[in-house]
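# Summary of structural features
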Amino acid sequence: MTAIHPAGSGGGPPAPAPARAADGAVRGVASTARGSLFALAGSAANALFGFALVAVVTHGLGARGAGAVFTGVAAFTIVSNALKLGADTALVRFVSRDLERTGGAGVPGLLRTAVLPTLLASAAGAAVVLFSPGLAGRLLPDLATGQAVALLRLFAVFLPVTTVALVLLGATRGYGSVVPFVGVEQIGKPVLRVLLAVPLVLLVPTVTALSAAWLVPGVLGAVAAYGSLRGSLRRHPGTGRPPSQAREFWAFAGPRAVSSVFDITAVWLGVILLSVLGTSAQAGVYTAIGRLVTAGTLLQLAVRLAVAPQISRLTAGGDTHGAHHLHRLSTRWIALFSWPVFVLLAAFPHTVLSLFGAGFAGGAPGLVALAVACLVNVGVGNAQTVILMAGRSVWNLVVAGVAFAVQLGSGIWLVPRYGVLGAAVSWGLAIVVDNGASAWLARRRLGFRTVDRGYLLAALLGIGAVAPVAFVMRTLFGDSVTGALFGMVLSIGAFGALVWRYRLPLGVGEFFGVLRKRGSDNPR
């Protein structure tokens, strides 16, 4: 196994290669654990304020008005992620690898390679939207023509700055810190959106005003991302003259650009299909379901943010054993603590959706369908991240394209017939295809195993200890507040006791062990 050579190491005799590799693996676990904990807090804040924003908008505008706002948000999110051109993910991989090899000397060149094309592409995309008023009528048929055009142009104005900010945040993640991304995307922007939306709902409850409340925080986020990246560049100047990486960069980023469109479109496709083939009210209900499903994947997202640069760094240094161990351990953490969430959502969907107000509980069957699909999603961990950090962006593109075709084809057939349930089933099918195929490729082609004794124990506790208790309470008390409270308290109590009992084989002890250690590695 090739040793890892930390950039800028001091003098003295080098440690033996196995010792350096082992140290790199330990640092990878520690950085992932600490970064995951911070990112989990950020993801929780994002979900909380995301729920608050949906509640504010739906109560202020109703399901129809909320559907129009979130249809615009969906289109904006898809386009901005497409116009990143895959550069954000490429920067995570290439910056972390450059830090391992040159100490950061090649990062300025990578930024020049990434930022200018994305800025030009997003500006061109904004111009197309500004001068294509016909798009508004097709995307927002429930709004008056003038209002729809004005709304779409508002989103277009903010497109370039938001797109470039996402690329810059990708570079900050490459430095091994999740703090800038979490601070901007998961805490700062969601909090500001709610703070702006609340007075607007009271004073100017219009679709345009609340859309502006969603967009404006992106400008401040771009400023914060730029400032954070400048600080990282000063701290890691690197040494030497690195070779140009532009060709390799875009060979990776190109396929990722397309697959990222598939990824983000999968989240919002149901909203768009329901808006076009159904009603805005159905789109509003589906948006609420999407928020719940996203909340269930908080830990998976948190671990993904932290683990991606670590796996890239370990593989760049030749420590494949450390990378494999990190993937197995992080997958076990994700599955263990995420499965109970989806079991409870499937057991009490009506009660959970009623929190959004009258008219939302009808989406309960759709929530059950997505909860079942997400058991597969969290069960394979971050297999897509492994594929990307190994440089196989073409594989990721093929898998994402197949999953998107499944979702689009089934959605066009199911949504007109079954509404919200049809949209949820089509997304669930895509989730299973995407994650199942990615896990197979990571295992068979790259050697990243996930299933071992600890994983099987996690499955037994995460599903077996929660589902029986939750569904017994559902049988006794129905899908009610009482049943949900008893189900959550009793099942989570039993789950927590068993996790503590088997914390060592589950790897939970290792997680909290590295949190207690205070070493020289980056605590972020």
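Residues numbered from 1 in each chain as written. Predicted model: local features only at pLDDT ≥ 70, side-chain atom pairs only at ≥ 80, totals over all residues. Heavy atoms only, no water.

## So, unusual backbone geometry
Despite not being glycine, Leu85 shows a phi value in the positive range, around 60°. Looking at the element boundaries, Leu85 is found in the loop between α1 (17–82) and α2 (87–102). Given the relative accessible area of 24%, Leu85 is considered partly exposed. (Helix = DSSP H or I, 4+ residues; strand = E, 2+ residues; numbered from the N terminus. Buried < 20%, exposed > 50% of the residue type's maximum accessible area, 1.4 Å probe, protein only.)

## What to know about the layout of surface pockets
Roughly 500 Å³ of internal volume is contained in the second largest pocket. Elements supplying a minimum of two residues to the lining of the second largest pocket: α11 (280–296), α13 (320–347), α14 (349–353) and α21 (481–501). Its residues placed into classes, the lining of the second largest pocket shows 19 nonpolar, 3 polar and no charged. (1 Å grid on protein atoms, 1.4 Å probe; cavity = no way out; pocket = protein on both sides within 12 Å on 5 of 7 lines; lining within 4 Å. Points joined across faces, edges and corners; volume = space filled by probe spheres on them. Nonpolar A, V, L, I, M, F, W, Y, C, P; charged D, E, K, R; others polar.)

## A word on the packing of helix α7 (residues 179–203) against helix α9 (residues 217–235)
Where α7 meets α9, the closest approach of the two axes is 9 Å, and the angle between their N-to-C directions is 155°. When the axis of α7 is compared with that of α9, the two are roughly antiparallel. Regarding α7 and α9, the two cross each other, and that crossing is right-handed. On α9, the residues touching Pro180, Val184, Lys189, Leu192, Arg193 and Leu196 of α7 are Pro217, Gly218, Leu220, Gly221, Ala224, Ala225 and Ser228. (Axes fitted to C-alpha atoms, helices over the stretch in contact; angles between N-to-C directions. Parallel < 35°, antiparallel > 145°, perpendicular 65-115°, else oblique. Left-handed = near helix turned anticlockwise from the far one by under 90°. Contact = heavy atoms within 4.5 Å.)

## A closer look at the packing of aromatic side chains
Throughout the structure, instances matching the rule amount to 10 aromatic pairs. An aromatic cluster of three or more residues is present, and its members are Phe94, Phe249, Trp250 and Phe252. Taking the ring centre of Trp500 as reference, the NZ or CZ of Arg503 above it sits at 3.9 Å. (Phe/Tyr/Trp six-rings, centres within 6.5 Å; stacked < 30°, edge-to-face > 60°. Lys NZ or Arg CZ within 6 Å of the ring centre and 35° of its normal.)

## Quick word on a positive patch on the surface
Positive charge collects at one region of the surface, where Arg443, Arg444, Arg445 and Arg449 lie side by side. In this structure, Arg445 sits in the loop between α18 (420–444) and α19 (453–464). Relative accessible area serves as the criterion here: at 56%, Arg445 is assigned to the exposed category. (Patch = residues over 30% accessible without salt bridge, like charges linked within 9 Å, V, L, I, M, F, W, Y side chains within 5 Å. Areas by Shrake-Rupley, 256 points an atom, 1.4 Å probe, with all protein chains shown as cover. Salt bridge = Lys/Arg side-chain N within 4 Å of Asp/Glu carboxyl O. Lys, Arg positive; Asp, Glu negative; His and termini not counted. Charge placed at Lys NZ, Arg CZ, Asp CG, Glu CD.)

## A short note on the packing of α2 against helix α6 (residues 159–174)
The contact between α2 and α6 brings their axes to 7 Å, and the two run at 25°. As the angle between them shows, α2 and α6 are arranged roughly parallel. Read as a crossing pair, α2 and α6 show a hand that is right-handed. Here Ala87, Asp88, Leu91, Val92, Val95, Ser96 and Leu99 of α2 lie close against α6, whose contacting residues are Leu166, Val167, Gly170, Ala171, Arg173 and Gly174. Here the residues of the contact of α2 with α6 are counted per class, giving 8 nonpolar, 3 polar and 2 charged.

By themselves, these figures tell us nothing about what the structure is for.
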